[in-house]
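Structure at a glance
Take a look at the letters that make up each chain.
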Amino acid sequence: MNTNKYKVKVKDLHKVCKPSIFRFETTADLKPLTGIIGQERAYRSLAFALDIDQPSYNVYLSGVSGTGKFTLAYETVYKKAKKESIPYDWCYVYNFKKPDTPKAIKLAAGQGAKFKQDLLSVVDEAIVQIIRTLESEEYEYNKNQILSLFMEQTNQMYLALEQKARTLGFTISRNEGGITPLPIRDGEVLNQNDYMNMSKEERTELMKNSTIVQEILNDGFRQYRELEKDIKERINKLETETAYNVASSLLVNIIEKYQVYSEIVEFIKDLKQDLVNNVHILTSTPEENNPFKFLSRSEKKTLRKKYQVNLIIDNSTLKHAPVIVETNPTFANLFGQIEYEGEFGILATDFSKIKAGAFHKANGGYLILNVTDVINNYYLWDNLKRILKNQEIRIENITSVIGISNTETLQPEPIPCQVKVILIGEPLYYYLLYSLDEDFQKLFKIRADFDMKMPRTRKAVYDYARFISSICHAKNLKHFTPEAVAIMVDYGSRMAENKKELSTRFNKLAEIVYEANQWSSYDEVELVEAEHVKKAIKEKIYRCSGYEDILHEQIMKDTILINTSGKKIGEINGLAVYQIGDHVFGKPVKITAKTFMGERGIINIEREIMMSGKIHSKGVLTLNGYLGSMYAQDKPLSLSASLTFEQSYSGIEGDSASSAELYALLSSLAEAPIKQGIAVTGSVNQSGEIQPVGGVNQKIEGFFKICLQRGLNGKQGVIIPKQNVEDLLLDQEIIDSVKNNEFHIWAISHIDQGMEILTDKEAGVYGSNDYTLGSIHYLVNNKIKKWTKEKSNNLALFRHKTRKRRSRW
């Protein structure tokens with residue numbers, strides 16, 4: 001039987017980039033590549049989102065790692081930001097009316113730093129001028145005038161009291177304890193003897209007059225205190241008016257300078273009044289021996305803090321809208337925080353301890369975040385959504401949000417927020433967030449998808465060369481020859497698993513550039529040649545292929561049983577793909593099928609013990625549909641069969657072995673031996689059509705290694721789906737073996753074609769019950785007919801015996 005028509009031609013096993021297409025001697029001659037190539041869909045989606053000036057049009061940039069998502073995001077956003085204006089500066093100031101709620105003030109870009117410095121200078125100058133004025137001769141003169149008046153009034157009051165007391169026989173004595181009334185006689189103060197010699201009537205009169213004098217003194221004391229109070233008020237008024245005049249003369253300039261900002265004007269007016277009200281604190285000088293003088297210093301420090309500006313966002317150095325990339329998005333780094341410091345054994349804070357976060361810095365611009373950094377912390381994600389929904393930033397510490405702290409804190413005024421957020425992450429997170437978080441759908445309306453592949457056009461090939469050139473220029477590496485670039489292009493197609501495509505995972509390509517450069521340095525040459533790139537690829541595989549080598553060794557020792565020669569009924573070599581880290585390799589697996597009379601259908605042993613994945617189980621169940629459509633049109637499908645992957649001790653997933661399982665079943669039913677030197681991959685549908693699979697190159701190479709080490713006999717090979725021919729990018733060693741007829745690769749589109757290759761028997765007429773005599777379908781159909789007839793005879797015999805037994809009863 002001629003099956004050569006299914007063999008893949010040598011020219012279809014690989015696609016080689018010819019160095020002759022390049023018009024440069026080295027990549028140094030090329031203009032370095034800027035930006036990302038092959039991501040037109042993502043670029044258009046992102047650019048469109050950035051042009052929509054609506055708060056809910058944030059972006060989720062979706063793609064696998066290494067495709068250049070961050071580079072595209074940053075460059076596109078930066079290009080857009082360069083055309084936009086610089087946003088406002090933001091600062092917090094003390095709220096004299098509500099001290100726990102610091103005021104937020106916005107100023108034009110660059111004005112914040114000027115306002116902070118202007119206010120600091122004018123307040124310092126005002127304090128100095130107030131102190132200097134209060135110590136001036138003019139102020140002292142005015143103050144002494146008030147005090148002189150006070151002294152004159154108190155003296156007159158004293159003389160009046162003295163006169164009233166003398167009319168009652170008393171005089172008034174001033175001492176440290178105050179004013180004391182003393183009885184007198186003949187102008188002299190009575191002593192103890194005089195008092196004792198007085199008559200009872202005289203003593204009674206003296207005591208009566210003493211009471212009257214004391215009442216007069218008490219009334220005088222009240223008048224004195226009122227006078228003293230009035231004098232203090234006049235001195236305070238003098239001090240306040242003096243300070244107010246000085247402060248007003250200095251602060252009027254800053255009010256005029258910032259009169260367009262109503263919040264600043266109101267704040268400075270409040271500041272001036274507070275400064276005047278607390279001038280006594282600024283002018284007080286504690287005594288050196290006062291043990292509490294540190295309290296006075298602290299009070300002055302606290303007072304002066306109130307007159308300062310906490311500039312949290314200073315955009316004076318920006319030239320356009322900000323683009324912020326937050327690589328460590330903690331709660332504080334993202335949303336800002338309120339810091340505390342120890343003060344007299346307690347934690348204290350004030351408006352100057354308010355710190356900005358990434359949202360503040362990006363306000364009026366763009367914020368780029370990695371989605372995994374954000375969603376790993378619920379409070380980050382929840383607060384981020386709240387900011388985007390409410391369009392304002394509230395600064396609060398994480399302890400307050402969680403509710404685990406009762407420390408008194410501030411509640412700063414919220415700041416209006418206009419930020420476009422770009423989340424970068426894997427597609428999986430997008431689907432999870434979209435399905436589980438309804439806010440995500442509303443807030444991130446644009447999804448920009450990154451492709452893992454791009455068409456292998458001439459332009460794309462040249463872009464690969466320019467990409468290599470850009471790395472060599474940026475990292476000061478040796479440049480590549482055209483031959484080396486050609487190998488890189490072929491490697492890009494291998495990564496994309498298609499001859500007509502190139503991979504866009506540029507970080508993986510960059511790794512080969514770095515490593516090839518290092519291998520060239522060992523040879524002490526000036527350029528990176530083709531052999532250096534090949535060496536880098538080979539060594540990269542070698543570093544990661546330890547587990548593959550262990551499995552290979554076990555097969556060679558027959559610890560894992562894999563036949564590569566001879567024929568067997570119901571046994572076939574399937575091909576599996578393993579991925580360990582970033583290393584992908586193929587490995588042959590023995591699949592066996594046993595069929596026998598019964599009605600249980602096909603039993604998937606892996607499924608019975610729950611080692612079969614859903615897709616693999618679906619593939620096995622598909623076989624029932626095929627068998628039913630082929631052999632049960634005129635009779636019941638009376639058979640039982642068991643399928644298993646021999647020596648498989650872990651889970652099995654995927655349907656790429658379903659065709660191999662069907663071959664094993666048909667072999668067992670037809671009792672037609674299968675060539676053990678041929679391995680099979682490909683899924684099958686219920687009509688027997690072969691469907692493409694992934695990892696076809698690794699599967700072929702995995703089986704080839706086993707055959708090569710055991711010795712190629714010219715009868716070995718691999719059967720693949722016809723659609724996978726486009727994906728073939730095999731090693732040169734395999735291509736040479738195919739060219740020398742030592743190894744073969746067949747591409748088929750139907751299960752019948754594979755059976756003919758595997759058994760050297762005609763499959764029969766597909767789609768008809770009239771099969772060719774001796775063909776596979778003929779033999780299978782006869783086996784099922786036989787089992788169906790035997791089953792029917794056995795059932796009739798059972799019924800006959802049952803009736804006889806009943807008649808005897």
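Here the structure is a predicted model, which means the values were calculated and not measured. (Residues numbered from 1 in each chain as written. Predicted model: local features only at pLDDT ≥ 70, side-chain atom pairs only at ≥ 80, totals over all residues. Heavy atoms only, no water.)

Some details on the overall build of the protein chain
Threshold: The secondary structure listing takes helices from DSSP runs of H or I that are at least 4 residues long and strands from runs of E that are at least 2 residues long, numbered from the N terminus. For the exposure calls, accessible area comes from a 1.4 Å probe over protein chains only, and a residue counts as buried if that area is under 20% of its type's maximum, exposed if over 50%, partly exposed in between. Note on contacts: a residue pair qualifies if any of its non-hydrogen atoms lie within 4.5 Å across the two residues.
Each helix and strand counted, the protein chain has 28 helices and 30 strands in total. Counting all 809 residues of the protein chain, 46% fall into the buried class. Taking all contacts inside the protein chain whose residues are at least 6 apart in sequence as the whole, residues at least 24 apart take part in 77%.

A closer look at the packing of helix H4 (residues 137-167) against helix H6 (residues 200-257)
Just so we agree on the cut-off: Simply put, an axis is a line fit to the C-alpha atoms, just over the touching stretch for a helix, and the angle between two N-to-C directions goes from 0 to 180 degrees. Any angle that falls under 35 degrees is termed roughly parallel, while one over 145 is termed roughly antiparallel, one within 65 to 115 roughly perpendicular, and all others oblique. When residues are sorted by character, Ala, Val, Leu, Ile, Met, Phe, Trp, Tyr, Cys and Pro go into the nonpolar class, Asp, Glu, Lys and Arg into the charged class, and all the rest, Gly among them, into the polar class.
At a minimum axis distance of 10 Å, the contact between H4 and H6 shows a crossing angle of 175°. The angle between the axes of H4 and H6 places the two elements in the roughly antiparallel class. Each residue belonging to the contact of H4 with H6 can be placed in one class, and the counts come to 16 nonpolar, 6 polar and 5 charged.

Digging into the pattern of salt bridges
We count it as follows: One side-chain nitrogen of Lys or Arg within 4 Å of one carboxyl oxygen of Asp or Glu is enough to make a salt bridge.
For the structure shown, the criterion picks out 38 salt bridges. Between Asp490 and Arg456 there is a salt bridge, with its nearest N and O atoms 3.2 Å apart. Residue Asp490 is located in helix H18 (residues 482-496), and its partner Arg456 is located in the loop between strand S18 (453-455) and helix H17 (458-475); the two are separated by 34 residues in the primary sequence. Residue Arg456 is classed as buried on the basis of its relative accessible area of 13%.

Side note on the nonpolar core
What tends to happen in soluble globular proteins is that the nonpolar side chains get buried as a cluster. Selection criterion: By nonpolar core we mean a set of buried residues, namely Ala, Val, Leu, Ile, Met, Phe, Trp, Tyr and Cys, connected to one another through side-chain atoms within 4.5 Å.
Phe115, Leu119 and Ile254 are the most contacted members of the largest nonpolar core, which totals 65 residues. Among the elements that take part in this core, H6 stands out by supplying 13 residues, more than any other. Excluding anything up to four places from it in sequence, Ile254 contacts Phe115, Asp118, Leu119, Val122 and Ile268. By size, the runner-up hydrophobic cluster in this structure holds 43 residues, among which are Phe645, Val684, Ile719 and Met755.

Details of the environment of Cys417
Tracing the backbone through its elements, the reader meets Cys417 in the loop between strand S15 (415-416) and strand S16 (420-425). With 57 residues separating them in the primary sequence, Cys417 and His360 have C-alpha atoms 7.8 Å apart. With residues up to four places along the chain from it excluded, the contact list for Cys417 reads Phe359, Asn363, Ile387, Gln391, Glu392 and Ile393.

Details of the side chain of Lys540
Examined against the element boundaries, Lys540 turns out to sit in helix H20 (residues 530-544). Among the residues examined, Lys540 registers a relative accessible area of 14% and is labelled buried. If we skip the residues at most four places from it in the chain, Lys540 touches Tyr491, Glu511, Ile512, Glu515 and Asp582.

Points about the packing of helix H1 (residues 40-51) against helix H2 (residues 69-81)
Note the cut-off: By definition, turning the near helix anticlockwise from the far helix through less than a right angle yields a left-handed crossing, and turning it clockwise yields a right-handed one.
With their axes 10 Å apart at the nearest point, H1 and H2 run at an angle of 35° to one another. Both H1 and H2 take part in a crossing whose hand is right-handed. Side by side, H1 and H2 meet where Ala42, Tyr43, Leu46, Leu50 and Asp51 of the first sit next to Leu72, Ala73, Thr76, Val77, Lys79 and Lys80 of the second. Here the residues of the contact of H1 with H2 sort into 7 nonpolar, 1 polar and 3 charged.

Some points on the confidence of the model for the protein chain
For clarity, the threshold we go by: Per residue, pLDDT measures the predictor's confidence, with a range of 0 to 100.
Looking at the protein chain as a whole, the pLDDT averages 86, with 90% of positions reaching at least 70. Between residues 290-295, whose pLDDT stays under 50, and residues either more than four places distant or in other chains, the model counts 5 contacts.

Observations concerning the packing of aromatic side chains
Condition: Any Phe, Tyr or Trp ring, taking Trp's six-membered ring, that has another such ring centre within 6.5 Å forms a pair; planes under 30 degrees apart are called stacked, those over 60 apart edge-to-face, and the others tilted. Only Lys NZ and Arg CZ are tested; either one counts as a charge over a ring when it is within 6 Å of the ring centre and within 35 degrees of the ring normal.
By the definition in use, this model includes 28 aromatic pairs. Between Phe115 and Tyr258, the ring centres sit 5.1 Å apart and the planes meet at 70°, which makes this aromatic pair edge-to-face. Of this pair, Phe115 sits in helix H3 (residues 111-134) while Tyr258 sits in the loop between H6 and helix H7 (262-277), placing them 143 residues apart in sequence. Neither Phe115 nor Tyr258 differs from the other in exposure class; each is buried. Among the aromatic residues, those joined into a ring-pair cluster are Tyr60, Trp381, Tyr430, Tyr431, Tyr434, Phe440 and Phe444. Above the ring of Tyr88, the side-chain terminus of Lys106 is found at 4.4 Å from the ring centroid. A cation over a ring is seen here: Lys535 above Trp519, with NZ or CZ 5.1 Å from the ring centre.

A closer look at unusual backbone geometry
Backbone geometry at Glu524 places phi at a positive 55°, although glycine is not the residue there. Note on placement: Glu524 falls in the loop between helix H19 (506-522) and H20. Even without being glycine, Asn741 reaches a positive phi, approximately 60°. Its place among the elements puts Asn741 in the loop between helix H26 (732-739) and strand S30 (743-748).

Looking at a nonpolar patch on the surface
This is how the line gets drawn: A patch consists of residues whose relative accessible area exceeds 30% and which take part in no salt bridge; residues with like charges are grouped when within 9 Å of each other, and nonpolar side chains (Val, Leu, Ile, Met, Phe, Trp, Tyr) when within 5 Å. Exposure was quantified through the Shrake-Rupley algorithm and a 1.4 Å probe, taking into account, for residues, occlusion by the shown protein chains and nothing else.
A contiguous nonpolar surface patch, about 260 Å² in accessible area, is contributed by Phe70, Tyr74 and Tyr78. Along the chain, Tyr78 falls in helix H2.

Some words on the sheet that holds strand S7 (residues 310-313)
We apply this condition: When DSSP locates at least two bridges between a pair of strands, those strands are taken to pair.
The antiparallel open sheet is built from 3 strands, whose spatial order is S3-S2-S7. Edge positions in the sheet fall to strand S3 (103-107) and S7, since each of these pairs with one other strand and no more. Adjacent strand axes in the sheet meet at a mean angle of 30°, parallel and antiparallel pairs treated alike. Sheet topology places strand S2 (residues 89-93) next to S3; 5 bridges connect them, and they run antiparallel. Paired with Asp89 across the bridge in S3 is Leu107. Helix-sheet contacts for H7 involve S2 and S3, and the interaxial angle to S3 is about 130°.

Remarks on a negative patch on the surface
To keep it simple, the criterion reads: Only four residue types enter the charge count, namely Lys and Arg as positive and Asp and Glu as negative; His and the chain termini do not. For the purpose of locating charges, the reference atoms are NZ of Lys, CZ of Arg, CG of Asp and CD of Glu.
The grouping of Asp731, Glu733, Asp736 and Glu742 at the surface amounts to a negative patch. Residue placement: Asp736 occurs in helix H26. A relative accessible area of 33% places Asp736 in the partly exposed class.

Digging into the pairing of strand S13 (residues 366-370)
Here S13 lies mainly inside the structure; 4 of its 5 residues are buried. Bridge count between strand S8 (residues 323-325) and S13: 3 bridges; the pairing is parallel. Each residue of the ladder has a partner; that of Val323, found in S13, is Tyr366. The sheet contact formed by S13 and S16 spans 5 bridges and is parallel. If you follow Ile368 over to S16, its bridge partner there is Ile422.

Some points on the side chain of Thr242
Inspection of the secondary structure puts Thr242 in helix H6. Once you skip the residues sitting within four places of it in the chain, Thr242 turns out to touch Thr133, Leu134 and Tyr139.

Remarks on the sheet that holds S8
Pairing is parallel across the open sheet formed by 5 strands, whose spatial order is S8-S13-S16-S1-S17. Looking at the sheet topology across the chains shown, the edges are occupied by S8 and strand S17 (446-449). Direction aside, neighbouring strands of the sheet carry axes that sit 20° apart on average.

Describing the environment of Glu526
When you line up the elements, Glu526 lands in the loop between H19 and H20. For the pair Glu526 and Leu477, spaced 49 residues apart in the sequence, the C-alpha separation amounts to 9.9 Å.

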